[in-house]
Amino acid sequence: MTFTLDAVSGQARTATIQTAHSIIQTPVFMPVGTVGSVKALDMADMSEVLDAKIILANTYHMYLRPGSKTVDAMGKLHGFTTYERSFLTDSGGFQAFSLSDISKPTEDGIEFRSHIDGSKHFFTPEKVIDIQLDLGSDIMMILDDLVALPATPERIATSIARTTAWAKRSTDYFRAKQREGIGTHQNIFAIIQGGTDKHFRTISATELCALDFDGFAIGGLSVGEANEEMYETVAHTVPYMPADKPRYLMGVGTPEDLIENIDRGVDMFDCVMPTRNARNGTLFTSFGRVNIKGAAFKLDPQPIDPECDCLTCKRYSRAYMHHLFRSKELSYFRLASIHNLHYYLSLMKQARAAILEDCFAQFKRDFYAKRASS
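Everything quoted here is computed from the prediction, not taken from an experiment.

Hey, could you run me through the overall build of the protein in this one?
A count of helical and extended segments in the protein gives 15 helices and 16 strands. For the protein, the C-alpha radius of gyration of 20 Å lies close to 21 Å, the compact-globule estimate for 374 residues. When the backbone C-alpha atoms are referred to their principal axes, the protein occupies close to 60 × 45 × 40 Å. Evaluated residue by residue, the protein yields a buried proportion of 56% over its 374 residues. For the protein, contacts bridging at least 24 residues in sequence account for 66% of all contacts bridging at least 6. By element, 52% of the accessible surface of the protein is carried by carbon and sulfur atoms, the whole surface being about 15300 Å². The positive charge centre, built from 40 side chains, and the negative charge centre, built from 45, are 4 Å apart in the protein.

Structure below.
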């Protein structure tokens, strides 16, 4: 992987990341394809309709079903799914933590039960790397010790100590595999923890950023804390992250969250919000959100967003989308998901253009002004 910084505007920055499978221009939003599929869409939609350069798949879910060895035997993620561009796989630690009836972190890893059949499993830093080697993703996330917020200082201290120890084990193991000729096209990112405590974030970032990783993520946010707390934590953490490597904020978020954190120097984002909200009737537009289930749209001939050029807006009216949603028609989920993801991906392209022109501050003001005036 190569990382080239193209321009900065204030703290906002735009870069080009080249992996073995695609060229990714940042800021970038990664659609979430948890089980190797973005809900309601296929890989032709992702490549040909939306032109997404990278999507996220989940290590926990792919490990449990269909199994990482199955994916490996079918040509890894790229061959199995037919998506020929880049994949990022997260570590599965969050899912082991949140979906298991019993999730128990220890000094060696995380014990959990499958949400599918209740079977017991144990993730170690090394096992998580082995799973992702099977998956063949372009960017792998390491196992980290995530804590729910609020948490005691003692629990956060334990979390960052474990995360650093697991990070050292992960990178040592992965680099040894690469020296054996395994996973040579793959890259590994560490995950900075510490809750919203600036002291703990400083420790975690300082320790992890001294290690041999290809990029760094900020984890453990957007888990219920106030937005301003998230923004302050990101603003505090980013200066400790290398300027010559990607910066990834995990699991974030709303369009406003993306703009705020681009303004603070973040390069990469992922979130289920655009597709989940689409399925529930909430559509994102240049002037704010539209709740398409509302009766006001029954006879509305306009597209969802008159400024949008996605497949859905070019062809269908709000009235038709309202009808599809109220009728529980399956085509609604695809058309709404295409629109929301197109909006997110286009917002990133607009932000990149503003950074290249060194006018991101004005772009941000215009972004909020349009919402306020609608």
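Whenever I open this one, the pattern of salt bridges confuses me. Can you help?
Pairing between side chains becomes possible if they bear opposite charge and their charged atoms approach one another. The full count for this structure, using the stated rule, is 21 salt bridges. Between Glu260 and Lys364 there is a salt bridge, and its shortest N-O distance comes to 3.0 Å. With Glu260 in helix 10 (residues 255-262) and Lys364 in helix 15 (residues 360-373), this residue pair connects regions lying 104 residues apart in the sequence. When sorted by exposure, Glu260 lands in the same class as Lys364, which is buried.

Is there a simple way to think about the packing of aromatic side chains in this case?
What characterises a pair of aromatic rings is the spacing of the ring centres plus the angle enclosed by the ring planes. Tallying each qualifying case throughout the model produces 14 aromatic pairs. Geometrically, the ring pair formed by Phe112 and Phe123 is edge-to-face, given 4.8 Å between the ring centres and 65° between the ring planes. With Phe112 in strand 8 (residues 110-113) and Phe123 in strand 9 (residues 120-123), this pair connects stretches of sequence that are eleven residues apart. Comparing Phe112 with Phe123 shows no difference in burial state: the two are buried. Ring-pair connections join several aromatic residues into one group, and the members of that group are Phe29, Phe284, Tyr343 and Tyr344.

Which parts of the structure should I look at to understand the pairing of strand 6 (residues 86-90)?
Side-chain positions along a regular strand alternate between the two faces of the sheet. In terms of burial, strand 6 is largely enclosed, as five of its five residues are buried. Burial of strand 6 is two-sided: the residues Ser86, Leu88 and Asp90 facing one way and the residues Phe87 and Thr89 facing the other way are all buried. Both strand 5 (residues 54-58) and strand 6 contribute to a ladder of five bridges, which runs parallel. Bridge pairing links Ile55 to Phe87 in strand 6. Here strand 6 pairs with strand 10 (residues 139-141) via two bridges, running parallel.

Is there a simple way to think about the sheet that holds strand 9 in this case?
Backbone-to-backbone hydrogen bonds pair the strands of a sheet. The strands run either parallel or antiparallel. Overall, antiparallel pairing links the three strands, which are arranged 7-8-9 in an open sheet. Lying at the two open borders of the sheet, with one neighbouring strand each, are strand 7 (103-105) and strand 9. The sheet shows a mean angle of 15° between the axes of neighbouring strands, direction not considered. The pairing of strand 8 with strand 9 spans four bridges and is antiparallel. Bridged to Arg113 within strand 9 is Lys120.

Please clarify how helix 10 should be interpreted in this entry.
Of all eight residues in helix 10, seven are buried, a share of seventy percent or more. Buried within helix 10 we find Pro255, Asp257, Leu258, Ile259, Glu260, Asn261 and Ile262.

For this particular structure, what's the right way to read the pairing of strand 16 (residues 288-291)?
Here strand 15 (residues 282-285) runs beside strand 16; their pairing, made up of four bridges, is antiparallel. The partner of Leu283 across the bridge, within strand 16, is Val290. Taking the residues that link successive antiparallel strands as the turn, the strand 15-strand 16 hairpin has two residues.

Rules of the game
Residues numbered from 1 in each chain as written. Predicted model: local features only at pLDDT ≥ 70, side-chain atom pairs only at ≥ 80, totals over all residues. Heavy atoms only, no water. Helix = DSSP H or I, 4+ residues; strand = E, 2+ residues; numbered from the N terminus. Rg over C-alpha atoms; globule rule 2.2 N^0.38 Å. Buried < 20%, exposed > 50% of the residue type's maximum accessible area, 1.4 Å probe, protein only. Contact = heavy atoms within 4.5 Å. Areas by Shrake-Rupley, 256 points an atom, 1.4 Å probe, with all protein chains shown as cover. Lys, Arg positive; Asp, Glu negative; His and termini not counted. Charge placed at Lys NZ, Arg CZ, Asp CG, Glu CD. Salt bridge = Lys/Arg side-chain N within 4 Å of Asp/Glu carboxyl O. Phe/Tyr/Trp six-rings, centres within 6.5 Å; stacked < 30°, edge-to-face > 60°. Pairing = 2+ DSSP bridges. Axes fitted to C-alpha atoms, helices over the stretch in contact; angles between N-to-C directions.

What is shown is where atoms sit, not what they do.
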